[in-house]
Amino acid sequence: GAGVSQTPSNKVTEKGKYVELRCDPISGHTALYWYRQSLGQGPEFLIYFQGTGAADDSGLPNDRFFAVRPEGSVSTLKIQRTERGDSAMYLCASSSLLGSVEQFFGPGTRLTVL
Amino acid sequence: AQSVSQHNHHVILSEAASLELGCNYSYGGTVNLFWYVQYPGQHLQLLLKYFSGDPLVKGIKGFEAEFIKSKFSFNLRKPSVQWSDTAEYFCAVNGVNAGNMLTFGGGTRLMVKP
């Protein structure tokens, strides 16, 4: 079966612009996670969805970042007024069972803010 | 709060050498522990996991890790590395009562010389 997919694979934007990053989890997975990975570092948690609702958004750095998962499947991470410091790899992961923490990662979207 | 420390940022080995990558975590409770691997140009893949039971866990490709609770450690080992093990390795922790997010270490970049 298909794994987690993310689009686009690369996104280059200008400072101040708005971007949307999309994640398609593994079919049937109820939990979805977003992480951000800066160069030379490990992934850092941003937000976690269980179904349609954000169960934990404690990792979002500020109110320019927002994520939705309206139908409990595909999720979109939205970044307003992008800054150069937002440049990073954005990773999505999903897991199958309520309470399961074994997460399957997608290939990521590399965001570059010029 | 949970945190993870990986002691070695870069490791260079010759083929057939033995490998041990250090991982220490900080969390005041029960934990789930993971090692993920990222091969060049590929996404994060689960190498092995510890939830409970036998503290010596075996993963794919001959890797194993030992959970030593008294040392808050979960070191990764392989008796004989191959050139194809060249990759970046990430240790991750999930505190059982800290939500479902993973907290990653900074990663260890392993290069195996043929």
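Predicted model only: the values in this text are computed from it and were never measured. (Residues numbered from 1 in each chain as written. Chains lettered and ligands numbered in written order. Predicted model: local features only at pLDDT ≥ 70, side-chain atom pairs only at ≥ 80, totals over all residues. Heavy atoms only, no water.)

**Student:** Help me out: how do you make sense of the overall build of chain A in this one?
**Tutor:** Along its length, chain A carries zero helices and 11 strands. Compactness check: chain A gives a C-alpha radius of gyration of 13 Å against a globular reference of 13 Å for 114 residues, within 12% of the reference. Dimensions of chain A, computed from the C-alpha atoms along their principal axes, are close to 40 × 25 × 25 Å. With 114 residues in all, chain A has 46% of them scored as buried. The long-range fraction of contacts in chain A, counting pairs at least 24 apart against all pairs at least 6 apart in sequence, stands at 53%. Accessible area for chain A stands at about 5,400 Å²; split by element, carbon and sulfur atoms hold 50% of it. Taking the average place of the 11 positive charges on the side chains of chain A and the average place of its 11 negative ones, the gap between the two points comes to 8 Å. (Helix = DSSP H or I, 4+ residues; strand = E, 2+ residues; numbered from the N terminus. Rg over C-alpha atoms; globule rule 2.2 N^0.38 Å. Buried < 20%, exposed > 50% of the residue type's maximum accessible area, 1.4 Å probe, protein only. Contact = heavy atoms within 4.5 Å. Areas by Shrake-Rupley, 256 points an atom, 1.4 Å probe, with all protein chains shown as cover. Lys, Arg positive; Asp, Glu negative; His and termini not counted. Charge placed at Lys NZ, Arg CZ, Asp CG, Glu CD.)

**Student:** Is there a simple way to think about the interface of chain A and chain B in this case?
**Tutor:** By convention, interface size is frequently given as the accessible area that disappears when the constituent parts associate. Tallying the contact residues gives 20 residues for chain A and 17 residues for chain B. Carbon and sulfur atoms make up 60% of the surface buried where chain A meets chain B, a total of about 1,400 Å² over both sides. It is Val101(A), Glu102(A) and Phe105(A) in chain A that bury the most area against chain B; as a group they hold 40% of the surface buried on that side. Between the two partners, chain A and chain B, sit one salt bridge. Between Glu102(A) and Lys49(B) there is a salt bridge; the shortest N-O distance is 2.4 Å. Across the chain A-chain B interface, the total number found is five residue pairs in polar contact (both at pLDDT 80 or more). Among the residues making up the side of chain A that touches chain B, the classes are represented as nine nonpolar, nine polar and two charged. (Buried area = accessible area lost by both parts, 1.4 Å probe. Salt bridge = Lys/Arg side-chain N within 4 Å of Asp/Glu carboxyl O. Polar contact = N/O pair within 3.5 Å; in protein donor to acceptor, adjacent residues only side chain to side chain. Nonpolar A, V, L, I, M, F, W, Y, C, P; charged D, E, K, R; others polar.)

**Student:** I keep staring at the layout of surface pockets and nothing clicks. Help me out?
**Tutor:** Rolled over the atoms, a probe with the dimensions of a water molecule shows which regions are left empty. Of the pockets and cavities examined, the largest pocket occupies roughly 470 Å³. Contributing to the lining of the largest pocket are 24 residues, with Gln37(A), Gln38(B), Glu88(B), Phe90(B) and Arg109(B) lying nearest its centre. Sorting the residues of the lining of the largest pocket by element identifies strand E2 (10-14), strand E10 (87-95) and strand E12 (108-113) of chain B as the ones contributing at least two each. Looking at the lining of the largest pocket residue by residue, the class counts come to 11 nonpolar, 10 polar and three charged. (1 Å grid on protein atoms, 1.4 Å probe; cavity = no way out; pocket = protein on both sides within 12 Å on 5 of 7 lines; lining within 4 Å. Points joined across faces, edges and corners; volume = space filled by probe spheres on them.)

**Student:** I'm lost on the pairing of strand E8 (residues 64-68) of chain B in this one. Help?
**Tutor:** The side chains of a regular strand alternate between both faces of the sheet. Residues and elements named next belong to chain B. Pairing of strand E7 (residues 56-58) with E8, which is carried by three bridges, proceeds in the antiparallel orientation. Each residue of the ladder has a partner; that of lysine 58, found in E8, is glutamate 64. Taking the residues between adjacent antiparallel strands as the criterion, E7 and E8 are bridged by five residues, where lysine 61 takes a positive phi near 60°. As judged from the five bridges shared by E8 and strand E9 (residues 73-78), these two strands associate in the antiparallel manner. If you follow alanine 65 over to E9, its bridge partner there is leucine 76. (Pairing = 2+ DSSP bridges.)

**Student:** What exactly am I supposed to notice about the state of the cysteines here?
**Tutor:** In a disulfide, the sulfur atoms of two cysteines are held together by a covalent bond. All names here are of chain A. As enumerated under the stated definition, the model contains two disulfides over all chains in all. The partner cysteine of cysteine 23 in its disulfide is cysteine 92, sulfur to sulfur 1.8 Å. Residues cysteine 23 and cysteine 92 are joined by a disulfide whose S-S torsion is about -70°; by sign, that bridge is left-handed. Taken as a pair, cysteine 23 in strand E3 (residues 19-24) and cysteine 92 in strand E9 (residues 88-95) lie far apart in primary sequence, 69 residues in all. Accessibility expressed as a relative area gives 0% for cysteine 92, which makes it buried. (Disulfide = S-S within 2.5 Å.)

**Student:** Looking at this structure, how should I read the side chain of Arg64(A)?
**Tutor:** Along the chain, Arg64(A) falls in the loop between strand E6 (53-56) and strand E7 (65-68). Setting aside chain neighbours within four positions, we find Arg64(A) in contact with Lys78(A), Ile79(A), Gln80(A), Arg81(A), Thr82(A), Glu83(A) and Asp86(A).

**Student:** In this structure, what is going on with the sheet that holds strand E1 (residues 5-7) of chain A? I would like to understand it.
**Tutor:** What links the strands of a sheet is backbone hydrogen bonding, and the strands pair in either a parallel or an antiparallel sense. Residues and elements named next belong to chain A. Strand order in the open sheet formed by four strands is E1-E3-E8-E7, and the pairing between neighbours is antiparallel. With partners counted over all chains shown, the strands left at the sheet margins are E1 and E7, one partner each. Taking each pair of neighbouring strands and ignoring which way they run, the sheet shows an average axis angle of 15°. When E3 meets strand E8 (residues 75-79), the two strands line up antiparallel, connected through five bridges. Bridge pairing links glutamate 20 to lysine 78 in E8. (Axes fitted to C-alpha atoms, helices over the stretch in contact; angles between N-to-C directions.)

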